[in-house]
Amino acid sequence: MPEGFAARVGERGSGEFREIEWEEAISTATGWLSDVRAKDPKKLAFFTGRDQSQGLTGWWAFMFWHNQHIRNLPELASLAVGDREKALSMVFAGVIGLSVVGNFFCGWLAQRFGYRKSIFWMFAGLGLSCAAAHIPESSSFSTLWKWYVTIGFFSGVFGLFTMYLPPLFPTLQRTTGAGFSYNIGRIAAAAGTVYFGL
């Protein structure tokens with residue numbers, strides 16, 4: 001790959017590039033979004049910010065809440081504290097471990113099918129896993145933990161945010177927007193779990 005700016009000349013993932021000058025690089029990048037920026041730049045910021053904020057708010061709410069939910073399951077509530085915490089740690093490690101695998105899977109998916117389709121299907125998997133984890137049939141620990149680690153896998157979708165969204169915006173906009181979108185989710189999720197006593 002060229003050391004400076006480069007433009008892909010082959011299929012995505014083929015590794016074929018040609019070196020280009022700054023003027024062509026910036027012209028290409030701005031051209032991708034010239035239409036929406038000219039007509040309604042707020043729409044671009046609103047929809048990408050909405051998707052990031054909502055997705056991350058849900059994720060942080062899950063991360064703040066699922067530990068307490070597992071602790072209060074009838075199967076675990078009767079256990080000694082040490083045994084209960086061990087089970088909780090194993091589930092948490094599974095969620096985090098599978099999220100790392102999900103990150104790599106998302107990268108592969110994006111190379112093969114593109115960012116938009118990959119984000120859509122990973123969010124669909126995340127939503128379905130969350131729904132399946134909280135139906136009455138999944139209320140036992142022996143079933144629930146499997147759905148929770150599946151949720152962890154699909155949470156790998158958030159790794160695509162940092163690859164797909166930043167190039168859509170100028171530097172100052174994207175750093176401000178990313179900071180807001182990532183952290184407003186934490187604040188909302190933390191406030192919700194405390195307020196509702198989850």
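**A word on the packing of aromatic side chains**
In the structure shown here, the tally under the stated rule is 10 aromatic pairs. Ring plane angle 35 degrees and centroid distance 5.7 Å describe the contact between Phe105 and Trp108, whose orientation is recorded as tilted. Taken together, the positions of Phe105 and Trp108, both in helix H5 (residues 81-113) and three residues apart, correspond to about one turn of that helix. For Phe105, a relative accessible area of 30% gives the class partly exposed. Taking the relative accessible area as the measure of exposure, Trp108 reaches 43% and is therefore partly exposed.

**A short note on helix H6 (residues 115-133)**
Compared with the 27 Å implied by 1.5 Å per residue over 19 residues, the 27 Å span of H6 between its first and last C-alpha is a close match. All of the buried residues in H6 are Ser118, Ile119, Met122, Gly125, Leu126, Ser129, Ala132 and Ala133. All buried residues of H6 project into a common sector of 165 degrees when viewed along the axis, lining one side. The exposed set on the far side of H6, more than 90 degrees from its buried face, consists of Arg116, Lys117, Phe120 and Leu128. As for H6, its buried residues are in contact with H5, helix H7 (141-154) and helix H8 (158-164).

Reading the values: rules and limits
- Residues numbered from 1 in each chain as written.
- Predicted model: local features only at pLDDT ≥ 70, side-chain atom pairs only at ≥ 80, totals over all residues.
- Heavy atoms only, no water.
- Phe/Tyr/Trp six-rings, centres within 6.5 Å; stacked < 30°, edge-to-face > 60°.
- Helix = DSSP H or I, 4+ residues; strand = E, 2+ residues; numbered from the N terminus.
- Buried < 20%, exposed > 50% of the residue type's maximum accessible area, 1.4 Å probe, protein only.
- Expected span 1.5 Å × (residues − 1).
- Arc of directions from axis to C-beta.
- Contact = heavy atoms within 4.5 Å.

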